[in-house]
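# Structural characterization, general
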Amino acid sequence: MKPFLNPAYCKGCGRCVVACPKGALGFAQEVNVAGYIPVSIDHDKCVGCGVCSMSCPEPYALSVLEIEEDVEDELSEAQEIAPVKLSMPETEPLMIKGTYAAAMGALLAGCRHFFGYPITPSTEGAELMAKVLPHIGGVFHQAVSEVATINHMYGCGGAGQPCMTFTSSPGFSLMLEGISYMIGARVPGVIVNVMRGGPGLGNIGPEQGDIKLACRGLGHGNTHSIVLAPADPQEMMDLTMLAFELTFKYRLLSIVLGDGYLGQVSSQVKLPEYMIQPGVPSWATTGDREHRKNLITSIQLSEADLEKFNIELNGVYTQINEREQRADLYQTEDCDILFVAANTPARMTKGAIKKLRSKGIKAGLFRPITLWPFPIDSLKSLVSKVKYIVVVEASAGQLEDEMRLALSYANIEKWPPIYHVQHFGGVLPQSEEIEKFVLDREQAK
Ligand code: SF4
Ligand code: SF4
């Protein structure tokens, strides 16, 4: 029997053209509803050998039956399969390092696809995924580079599958172009970036030098991602799980921004009460009939269409800013001196606050958990009450810049003096010097 071609289901891969022994297949002149150039059959040349049907990866493209339904109507019916929360039995806490905790958080969030290129100090996260994923029906793929990694994620996320990578600062820089493409195509995915010392190749010590990139520099164009900043291994797990939830909720990449110390340090981690069985979003390009009309692309050749898309994207950013700000406040109820710190420096700062309080100095900590959006709503009420702010960070003011921008966009006309304790190059601020900074200021008065 000679096959019919159903152009709407052909993705134009050309396998059948190569396979046909009679030269009966060639490419058509027009694109189909899915945006591909399909093939066409010359039935006069065809001898009905069936080789083309066997070589075709699409179930409905080459068929002995002609599909006559209204393809447009049928293709619009893709249904969302919602993710399901599955209860977990209560277990004793585990003693694990931050990278392992993030990897376990990803697995519990339903991630079964990992792409990555190893880079210290994030590699152990990838190693755990390599050990576990093949045993639970997942895929671990070591890509040839970070550029390949992010583009594998583009493909996998475009198919609606939860996927992730572990990387560190130089690797993160290499991913920026692909990140912009993913944002431009509204493709979900999670990047765990365990930041290390820079610039350049730098070293493998802890730094926070990628805050600027993650919050303001995600490749070209109008790009933002949700940026979560854990401060201990428990949060490496919890925030990685949250990152998967948010990336699908908003169809926007999520970034978990840890630091080199946090990636390596071990502490008790309690497993969550549930794990996620992922669903299939209606927009996914799974390759089946129902999702055939879907198209994942960041190309918008018409200026008007691209402006419209950017306006929609801004709407998503606004929603995230309104709904997803998160911060941890520590001893801020009565504080005169407000520290602002994230990641490991926040832990050092808590130590300093305890010592300062024992000396009668009322200090408190504002710890942004979301670096983008910056949690300005909960900072606003504090700035008018304190004598001054001290930003503690392992970078040359990148967290401070985010805070100052947020203060200024919030139209807060007056804020107290802002000082800082900073280290870079793999050196972390220590509790003693944070305490001393405040003691020196107080004594100088
Ligand atoms: S059935 Fe055989 S001859 Fe006909 S188009 Fe397919 S491969 Fe070519
Ligand atoms: S008919 Fe099948 S094998 Fe041929 S180009 Fe289309 S999708 Fe590829």
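Residues numbered from 1 in each chain as written. Chains lettered and ligands numbered in written order. Predicted model: local features only at pLDDT ≥ 70, side-chain atom pairs only at ≥ 80, totals over all residues.

Quick look at the overall build of the protein chain now. When helices and strands are tallied, the protein chain shows 16 helices and 20 strands. In terms of overall dimensions, the protein chain has C-alpha extents of about 95 × 50 × 40 Å along its principal axes. Relative to its full complement of 445 residues, the protein chain shows a buried share of 45%. A separation of at least 24 residues holds for 81% of the contacts in the protein chain among residues at least 6 apart in sequence. (Helix = DSSP H or I, 4+ residues; strand = E, 2+ residues; numbered from the N terminus. Buried ≥ 20, exposed ≤ 12 C-beta atoms within 10 Å, placed from the backbone. Contact = placed C-beta atoms within 7 Å.)

To continue, consider the environment of Pro121. Along the chain, Pro121 turns up in the loop between β7 (113–116) and α5 (123–132). Note: C-alpha distance between Pro121 and Met1 (120 residues apart in sequence) is 60 Å. Beyond its immediate stretch of four places on either side in the chain, Pro121 contacts Ser168, Val194, Arg196, Ile204, Gly260, Gly263 and Gln264.

Cys10, Cys13, Cys16, Cys56 and Ala61 are the nearest of the 14 residues found near ligand 2. Its residues placed into classes, the shell around ligand 2 shows eight nonpolar, three polar and three charged. (Near = placed C-beta within 6 Å. Nonpolar A, V, L, I, M, F, W, Y, C, P; charged D, E, K, R; others polar.)

The next point concerns the nonpolar core. Judged by nonpolar contacts, the single largest core of 103 residues is most densely connected at Val227, Leu228, Leu257 and Leu371. Residues from two domains meet in this core; each of domain 2 (84–323) and domain 3 (328–444) gives at least three. Leaving out residues up to four positions away in the same chain, Leu257 has contacts with Asn193, Met195, Asp210, Ile211, Ala214, Val227, Leu228, Ala229 and Leu371. Formed by 14 residues, the second largest nonpolar core is a distinct cluster that contains Leu5, Tyr9, Ala24 and Val39. (Core = buried A, V, L, I, M, F, W, Y, C linked by C-beta atoms within 7 Å. Domains from an automatic or database assignment.)

Here we come to the sheet that holds β7. Strand order in this open sheet of seven strands is β8-β7-β9-β10-β12-β11-β18, and the pairing throughout is mixed. In this open sheet, the two strands that pair with only one neighbour each are β8 (139–142) and β18 (370–372). With direction set aside, neighbouring strand axes in the sheet form an average angle of 20 degrees. Here two bridges tie strand β11 (residues 226–228) to β18, and the two strands are oriented antiparallel to one another. Bridge assignment links Val227 to a residue of β18, and that residue is Trp372. Of the strands in this sheet, β7, β8 and β9 (163–167) are in contact with helix α6 (residues 146–158), which crosses β9 at around 165 degrees. (Pairing = 2+ DSSP bridges. Axes fitted to C-alpha atoms, helices over the stretch in contact; angles between N-to-C directions.)

Let us now look at the sheet that holds strand β19 (residues 388–393). Read across the open sheet, the five strands follow the order β15-β17-β16-β19-β20; overall the sheet is mixed. Unpaired on one side and paired on the other, β15 (327–330) and β20 (418–422) mark the two borders of the sheet. Here the strands of the sheet are splayed against their neighbours by 20 degrees on average, with no regard to which way each runs. As defined by bridge partners, strand β16 (residues 337–340) adjoins strand β17 (residues 363–368) across four bridges and the pair is classed as parallel. Each bridged residue has a counterpart across the sheet, and for Phe339 the counterpart in β17 is Leu365. Running over the sheet, helix α13 (residues 343–358) touches β15, β16, β17 and β19 and is turned about 165 degrees from β17.

This next bit is on unusual backbone geometry. A negative phi holds for most residues other than glycine; trans holds for most peptide bonds. With an omega of 5 degrees, the peptide bond between Gly198 and Pro199 qualifies as cis. Positionally, Pro199 belongs in the loop between β10 (190–195) and α9 (211–216). Between Trp372 and Pro373 the backbone carries a cis peptide bond, its omega angle lying at 0 degrees. Residue placement: Pro373 occurs in the loop between β18 and α14 (376–383). Look at Arg186: it is not a glycine, yet its phi comes out positive at around 55 degrees. If you trace the backbone, Arg186 turns up in the loop between α8 (176–184) and β10. Overall, Arg186 belongs to the buried group, with 20 C-beta atoms counted inside 10 Å. Its identity as a non-glycine residue notwithstanding, Asn411 has a phi of 60 degrees, on the positive side.

Position of Asp44 relative to the elements: it lies in the loop between β3 (39–41) and α2 (51–55). By the C-beta count within 10 Å, which is 7 here, Asp44 ends up exposed. In this structure, the C-alpha to C-alpha distance between Asp44 and Val18, residues 26 residues apart in sequence, is 18 Å.

Next up on the list: the domain arrangement of the protein chain. When the parts come together, some accessible area is lost, and that loss is often what is quoted as the size of the interface. Domain boundaries assigned for the protein chain yield domain 1 (4–68), domain 2 (84–323) and domain 3 (328–444). With centres defined by C-alpha atoms, the gap from domain 1 to domain 3 works out at 64 Å.

Take α14 next. Regarding α14, the residues found buried are Ile376, Leu379 and Leu382. Angularly, the buried residues of α14 cover 115 degrees about the axis, an arc narrow enough to put them on a single face. Tucked into the core, α14 has its buried residues touching β16, β17 and α15 (398–409). (Arc of directions from axis to C-beta.)

As a further point, take the pairing of strand β12 (residues 254–259). For β12, a buried count of six out of six residues is recorded, marking the element as mostly surrounded by other parts of the structure. With burial as the criterion, each face of β12 is covered, one bearing Ser254, Val256 and Gly258 and the other bearing Ile255, Leu257 and Asp259. Note that β11 and β12 share three bridges and pair parallel. What sits directly across from Val227, in β12, is Ile255. Handedness of the crossover joining β11 and β12 through helix α10 (residues 233–250) is recorded here as right-handed. (Right-handed = clockwise from strand over helix to strand, strands pointing away.)

For the rest of this paragraph, the subject is the pairing of β17. With six of its six residues buried, β17 lies for the most part within the structure. Residues Ala363, Leu365 and Arg367 of β17 are buried on one face, and the alternating residues Gly364, Phe366 and Pro368, pointing to the opposite face, are buried as well. Summarising the sheet, β15 and β17 pair through four bridges and their orientation is antiparallel. Following the sheet pairing, Asp328 is matched in β17 by Arg367. As for the winding sense of the linkage, the β-α-β connection from β16 through α13 to β17 is right-handed.

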